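Here is how the chains run, residue by residue.
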Amino acid sequence: FSRYQHFFLFVLFFFFAFLPTYSALQTVQDLDAGFVSDLSTLALVSDEKDVIAGSVYDGNTLAYFSTRRTVLDSSFLLAPDVQERSEDIATLYTTKSVSQALDIIDRYSIDYIFLTPQVMALYGVSDLAVAQIDTTCFAREGTYYEVRC
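Participant: When you look at the state of the cysteines in this model, what are you seeing that I'm missing?
Facilitator: Note: disulfide means a covalent bond formed between the sulfur atoms of two cysteine side chains. Scanning the entire structure with this criterion turns up one disulfide. Across the disulfide, Cys137 is cross-linked to Cys149 (sulfur-sulfur distance 1.6 Å). Torsion about the S-S bond of the Cys137 and Cys149 cystine: about -90°, corresponding to left-handed handedness. In this pair, Cys137 sits in the loop between helix 7 (129-133) and strand 4 (138-141) while Cys149 sits in the segment after strand 5 (144-147), placing the two residues twelve residues apart along the sequence.

Participant: Mind showing me how you'd approach the sheet that holds strand 5 here?
Facilitator: Pairing between the strands of a sheet comes from backbone hydrogen bonds, and it takes one of two forms, parallel or antiparallel. Across the sheet, five strands lie side by side as 2-1-3-5-4; this open sheet has mixed pairing. Only two strands of the sheet have a single neighbouring strand rather than two, namely strand 2 (69-70) and strand 4. Pairing analysis gives two bridges linking strand 1 (residues 51-53) to strand 3 (residues 112-114), with the strands arranged parallel. In the strand pairing of strand 3, Ile52 is matched with Tyr112. Across the sheet, helix 2 (residues 33-45) touches strand 1, strand 3, strand 4 and strand 5, and the angle it forms with strand 3 is around 170°.

The rules behind the values
Residue numbers run consecutively from 1 along every chain, following the written order of its sequence. Per-residue local features are limited, in this predicted model, to residues with pLDDT of at least 70; the limit for side-chain atom pairs, both in listing and counting, is 80 or more; totals at the level of whole chains, interfaces and linings are taken over all residues. The side-chain values count all of the structure's non-hydrogen atoms but skip hydrogen atoms and water molecules. A pair of sulfur atoms, both from cysteines and within 2.5 Å, is called a disulfide here. Strands are runs of DSSP state E lasting at least 2 residues, helices are runs of H or I lasting at least 4, and numbering of each runs from the N terminus. Only strands joined by at least two bridges in the DSSP assignment are considered to pair. Contacts were defined at the residue level, with two residues in contact if any of their heavy atoms lie within 4.5 Å. A fitted line through C-alpha atoms serves as each axis, taken over the contacting stretch for helices, and the angle formed by two N-to-C directions is quoted from 0 to 180°.

Coordinates in, geometry out; function isn't part of it.
Here it is as structure tokens:
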């Protein structure tokens, strides 16, 4: 055994260190250039205190590229009322009630709502329904809506 001890340790190290990383990298998706461009622009034109709404899967990307706070992301540690936030964001993307959407927007001080392919797939929408009803409160700018009410 002592003759193969270094080889055995190397194989174990490789198995537990590199294979999980390789496996995780296989699931990473490329970011759309328009999405990244919109986030970079948003970082320049928005206030540092602005808040962005997006799906739980987009939250970290939104926060990183825009340098703004998000309502929901996959870092749940110490986040208050995660289940309620998740349900509220789902409602925001699917409701046709402007008053209900504005209530959620006010509750989380949302300034921008992103509409990514992940959001559309997750919530089964093709657009933000309330933005079609009230065009004065919601202005589309590329992949996101600016809340103007």
